[in-house]
Structures are given as structure tokens and as C-alpha cells.
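Fold and contact review
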Amino acid sequence: MKAMMIKDFNLLKGQKQFFGAIVIILILFTVVQDNLSFCISYVTIMFSILTITTMSYDDYENGMCYLMTMPIRRRDYVVEKYIFGIAASIFGFAGASVFAVLSSYLKGDGFPWEEWKGIAAACIFLMMAVLAVTTPIQLKFGSEKSRMAIMGVYGVGCLCVYGAVKAAEACKIDIDRIIESAFVNNLTTTIWGITIASMMLLGISCLISVYILEKREF
Amino acid sequence: MLKLENVKKQYQGFELDCSLEVKSGFVTGLVGKNGAGKSTAFKAILGLIHTDGGTIQVFGKRPEELDIKDKEKIGVVLADSGFSGYLTIKELLPVLGRLYSGFRREEFLRKCEEFELPLNKKMKEFSTGMKRKLQVLAAVSHEARLLILDEPTAGLDVVARDELLGLLREYMETEGRSVLISSHISGDLEGFCDDIYMIDDGKIVLHEETDVLLSDYALLKMTDEQYHVLDKSYILRHKKEDFGYSCLTSQKRFYQENYPELVIERGNIDELIMMMIRGEK
């Protein structure tokens, strides 16, 4: 697994333009726009998809086929991708947060720690959701076909959320109050809830991914 | 070392039904035209595809039973796949070092220099030949006991091919090692393999020791009249030609002694493939 981790970090060395773009966006939205939540969640999500990038690189010119002849268990390959994805996302989240804190104090505004906790909860969920959904799809369909499949899944996800909001409105359920209650009044409980739910989602996704790769033919 | 018994794999319009054996200390060749089933057989051995029947044994185990230590003992070159093109050789070194406990880094680097492989260039910018050289170098650089090489010389010029085959001969100098190799360049196999399997349409149509193949097999060329009176006991395949008939035999001496008037040509592997595939039984 360590060999795969080294490989993935080496693969990311070629992503200089990607990291450059991230830094520019970070500066724009933190310093100029002062949009803390967008900036941190954007960077976290972008870092969480890095694991998909490494999988695309592994797949390049049918490279996965050769990779699977090497002394690597398919299960370990999958687990490494999840660990790499979580590590990259945490790194992105932490980096963006540090940048935002420094920027806030340099501007003399002070850092809104309560708001940051809410952003952290949302980021944990987003990062886990991205990893949990895209990894098995990427493994199942490969880098070319998976784009359409991922777009389809996220499209269906958005429709489901939209449908749920509309249904709640029809049933006269005040969603804003629920969100406020979760993210303002019970933030610590919400963060723990989201973390546990996300870990469970990720665990299920990992099991599905292992199954997909074990069954996959090259 | 490696044994396939009636290994079956069904695809639309193609069925592999293959039996072959690679003995310890042997270099075994697998020849056949494109699409004959060579790569499918290699992938089945490596556990890259699921088979529909038969048994495969690598070091006495089924491919799915091979553990990390077993896989370390296998060196692989695949015709249509290789290292990620987004890595450089320099970046690959720690990966190979971690994957293979027997990886000989210094020797690998020395060979890279000898084969003029740049260490800091992304592999996607390598030519086909350079990619092949790198894969072969990686395969022989970690004390593997078995090499599975699918078209390792494809895309190489004569000099590079010779260098690479030299490397493989060097590899075979250590006892207890084996190689299964496929190539469409018959000269490579004639000079390197101990025995050769010929595969056509997914089935093994011939297995013979290379020495026997080159000494006892021959192409007989004759007129229609000569063909009709010929004893066909040792004729494997025949083919109608403008001048009469071409026949493939596995008993060259019999025809030399009994039919001195026939034109008898020492068969090379290319001609053998052609006759085995296009000739009639």
C-alpha cells in the first residue's frame, strides 16, 4: 500500500497548474471577496477529487491492467485510494482554513470560529460524499465512461434533494428552521452525526469498490 | 512452474481452449497470428480475466491464490499495457523498491543508462520501444522466478531486440528460472526458446521442442502428380499452390530418403505458422 501511496504522490507532482489555480481562487475568495465558506469547501472538494485524478492516471493507456500484475492486492489498491482521498481532502481543508485564518487576522477582522465549525461539518459531508460516490463509479467504468456515469449520479442526487425540498414545502416542514437548529443550536452534535454518517457511507462505498475491482477484468 | 489445462474463456465470436506447460529452467514460446488468443492466455495466467473452465497453476497455485510474495516472483511485460505514462523512471524507482523486496536498484539504473532511457522524462513521452525496454528491465530486475512476456520485442529495432534478448539470456543463466514469451518475430523465438506452442483461434495446434521443430519439420514442395503418389502418413498440413502442393511434415528425413526428387525446405517458424493456419489437414 505504501508503494501505491508513493506512486500517487508522485503522480500529483505533475499537477502544478491545478495547484496554482487553487491558490489563485483561494486568494480571490478569501482576500478579495471575503467568502470564507465557499473558499474552504471549494478547496476541500477539489482536493477530494485528486484521488479520482490518480485513478485516471493509473488507467491511462490501459495501465491498470499492468498495475494489477504487480504485487498489489486489489483490496489494498482500493483502500489506498480511500485513504489517499481522505488525506488529500483533510490537507486541502486544513490548508484553506489556515489560509483563511491568517487572512482574517491580517485584515484585522478576527476569525469567525462558529461559522468555520459549520463549514467543517458541511465539508466533511461533501468530501466523503464525493469520495464515496465517484470512487466505485471510476473503478467500475474506467476513466472515460465514468464521467457520464458520475454526472448522471450527481444529477439524480440533485433531483432527489430538489424533490425532498419541494415535498417538505408541500408538507409545510420548515427546512430553514431544521438547518438552523442543526448548524447553530446543535452544531457539535451535528458535526458528530455527519462524521459518523459519512464514515459509514464511506465504509459501504469502500466495500462496493473492493467488490467491483475484484470482479473487474482487464 | 506454470501449467494450463483446458483453460477456457468465452468471448463473443472467440473461445480460448488452451493447455500448455512451462517447466522449470525452460523458455517456452507462444506463437500465433494476431487475435489467436495469446494475450487472452497471458491475462488468464495473470488472473486479469476470469476463466470459464479448466485449471491454471502458477508455482502450484491458482492465480487467485497467489499472494504478494508469489507475485514478487513474477516479472511481466504486457503487449497493451504498462507503467502509468505520467510517471518518470526516477519517480518509479521508490515504487518498485517498495513493491519488490529483491529489486536491484543500482543494476536497474545501470541498464537504464545502457538502454538510453531518460530518468526524468514522463513515460508517456517514451517511444513504444523505450516503453518495452523499460518493462523488460523492470521484469528482470527483481529476482523473479518466472517471466511472462507478451510481445516484449514489439516495436524494437534489430539492435534493441538483440540487446533485450541478451538481457533475457542473462536472466536465464540463473537456475530454476523460466520464461513464457510470445512474439510475432519468429527469429526471436527460434534462437531463444526451448519449446514452442502454436495457438490458432484460441486452441493450441502444435507443441514442439524448438530443436525438433527446426531439424525435423520441413516444407515439401511438389507437383500435383508427386502429391497424389506421396505417402501422407507424416504430412501435418497441405496447401494447393500454383505449382502443385506445399506440405508440412514433422518427418523431414523420411521424405528425404524416400522421395529424393521433392524440393525440401527447412521450415522456419513463420512458414510453419502459415502452413498450420492456412493449410488443410
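Residues numbered from 1 in each chain as written. Chains lettered and ligands numbered in written order. Predicted model: local features only at pLDDT ≥ 70, side-chain atom pairs only at ≥ 80, totals over all residues. Heavy atoms only, no water.

1. Structural notes on the domain arrangement of chain B
Residue and element names in this part refer to chain B. Its domain assignment divides chain B into domain 1 (2-209) and domain 2 (217-278). Look at where the C-alpha atoms of domain 1 and domain 2 centre, and you get two points 34 Å apart. Tallying the contact residues gives twelve residues for domain 1 and nine residues for domain 2. Together domain 1 and domain 2 conceal approximately 940 Å² of surface at their shared face, both sides included; 72% is due to carbon and sulfur atoms. Contact with domain 2 buries area across many residues of domain 1, yet E190, M198 and L206 alone supply 42% of it, more than any other trio. Here domain 1 is connected to domain 2 by zero salt bridges. In this assembly, domain 1 and domain 2 are joined by one residue pair in polar contact (both at pLDDT 80 or more). For the side of domain 1 that touches domain 2, the secondary-structure elements that each account for two or more residues are α7 (186-190), β8 (195-200) and β9 (203-209). (Domains from an automatic or database assignment. Contact = heavy atoms within 4.5 Å. Buried area = accessible area lost by both parts, 1.4 Å probe. Salt bridge = Lys/Arg side-chain N within 4 Å of Asp/Glu carboxyl O. Polar contact = N/O pair within 3.5 Å; in protein donor to acceptor, adjacent residues only side chain to side chain. Helix = DSSP H or I, 4+ residues; strand = E, 2+ residues; numbered from the N terminus.)

2. Overview of the packing of aromatic side chains
One pass over the full model with this rule turns up 18 aromatic pairs over all chains. Between A:Y57 and B:Y86, the aromatic rings sit 3.9 Å apart at their centres with planes inclined by 20°, giving stacked as the arrangement. Here A:Y57 is found in helix α4 (residues 50-59), whereas its partner B:Y86 is found in the loop between β5 (74-77) and α3 (89-99) on a different chain. Residue A:Y57 is classed as buried on the basis of its relative accessible area of 13%. Between A:W113 and A:W116 the ring centres are 5.7 Å apart and the planes differ by 80°, which places this aromatic pair in the edge-to-face class. Residue A:W113 and its partner A:W116 are both found in helix α7 (residues 113-170); the two are separated by three residues, about one turn of the helix. Classification of A:W113 as partly exposed rests on a relative accessible area of 43%. (Phe/Tyr/Trp six-rings, centres within 6.5 Å; stacked < 30°, edge-to-face > 60°. Buried < 20%, exposed > 50% of the residue type's maximum accessible area, 1.4 Å probe, protein only.)

3. Structural notes on the pattern of salt bridges
As a working rule, side chains carrying opposite charge can pair if their charged atoms are close by. All names here are of chain A. Taken as a whole and assessed by the stated rule, the structure comprises 28 salt bridges over all chains. With a shortest N-O distance of 3.5 Å, D59 and R216 are connected by a salt bridge. Within this pair, whereas D59 is found in helix α4, its partner R216 is found in the segment after α9 (187-215), the two being separated by 157 residues in sequence. According to the relative accessible area criterion, D59 is buried, its value standing at 13%.

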